[in-house]
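Chain by chain, the residues:
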Amino acid sequence: MRLGPESAAVLAVLEAKCFPDPWDLAAFAAAFARPAFAAYGIPAGTGLAAYATFHFLGDEFEVLNIATDPGLRGQGLAGKLFAHVLQHAAEMGMNRGYLEVRAGNVPARRLYARHGFIAVGLRKRYYTDTGEDALVMVREGAAGAAHPS
């Protein structure tokens, strides 16, 4: 489901569980003020089981973050949510997507590859918390859209 500004707090809670340098409530509130920003989530109780955030820019999209509650990982939630959003992007005419992912984040790299993303570059020491490199990945067209896992 698409999330709105009222979801900033639950996004911040899940973000803090999943990332070493998380966005806070103010960062999510500011993001929702930008027309290009979009967030999608899978509800769980009073929070979220998983979420995905994007920038939609003309015929391109940028994947900002995808996260699953640590206690719910391994159930395919991120893959299902990602497939849903990629289908939505394709329906809106967005034929090119890109993202950065930690070079050592093998599960995320596998998820992106299953959905048609390929590594095209490297950003050295991109992540300030650890100095880890980021792989730049790109997806052209609707490649991989039918693979919800």
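Here is a short report on the structure shown in this document. If you're wondering where the values come from, they're calculated on a predicted model, not measured in any experiment.

### Things to note about the pairing of strand 2 (residues 37-44)
Pairing between strand 1 (residues 2-3) and strand 2: 2 bridges, direction antiparallel. Each bridged residue has a counterpart across the sheet, and for Leu3 the counterpart in strand 2 is Ala39. Sheet topology places strand 2 next to strand 3 (residues 47-57); 8 bridges connect them, and they run antiparallel. Bridge pairing in strand 3 places Gly41 opposite Tyr51.

### Points about the pattern of salt bridges
For the structure shown, the criterion picks out 7 salt bridges. The salt bridge involving Arg96 is made with Glu60; its shortest N-O contact spans 3.6 Å. Placement of Arg96 in strand 5 (residues 96-102) and of Glu60 in strand 4 (residues 60-68) is noted, with a sequence separation of 36 residues between them. Linked through salt bridges whose partners overlap, the residues forming this network are Glu60, Arg96 and Glu140.

### Regarding the packing of aromatic side chains
Scanning all chains against the criterion turns up 14 aromatic pairs. The interplanar angle of 85 degrees and the centroid separation of 6.4 Å between the aromatic rings of Tyr40 and Phe54 together place this pair among those described as edge-to-face. Of this pair, Tyr40 sits in strand 2 while Phe54 sits in strand 3, and the two are 14 residues apart along the sequence. Grouping residues by exposure puts Tyr40 and Phe54 together as buried.

### Comments concerning the pairing of strand 4
Among the 9 residues that make up strand 4, 7 are buried, leaving the element largely enclosed by the rest of the structure. What sits between strand 3 and strand 4 in their antiparallel hairpin is a turn of 2 residues, with Gly58 showing a positive phi close to 65 degrees. Alignment of strand 4 against strand 5, held across 3 bridges, turns out to be parallel. Bridging from a neighbouring strand, Glu62 pairs with Tyr98 of strand 5.

### Considerations on unusual backbone geometry
The phi angle at Arg125 is positive, at roughly 50 degrees, despite the residue not being glycine. Locating Arg125 in the fold gives a position in the loop between strand 6 (118-123) and strand 7 (134-140). Judged by relative accessible area, Arg125 falls into the exposed class, the value being 61%.

The rules behind the values
Residues numbered from 1 in each chain as written. Predicted model: local features only at pLDDT ≥ 70, side-chain atom pairs only at ≥ 80, totals over all residues. Heavy atoms only, no water. Pairing = 2+ DSSP bridges. Helix = DSSP H or I, 4+ residues; strand = E, 2+ residues; numbered from the N terminus. Salt bridge = Lys/Arg side-chain N within 4 Å of Asp/Glu carboxyl O. Phe/Tyr/Trp six-rings, centres within 6.5 Å; stacked < 30°, edge-to-face > 60°. Buried < 20%, exposed > 50% of the residue type's maximum accessible area, 1.4 Å probe, protein only.

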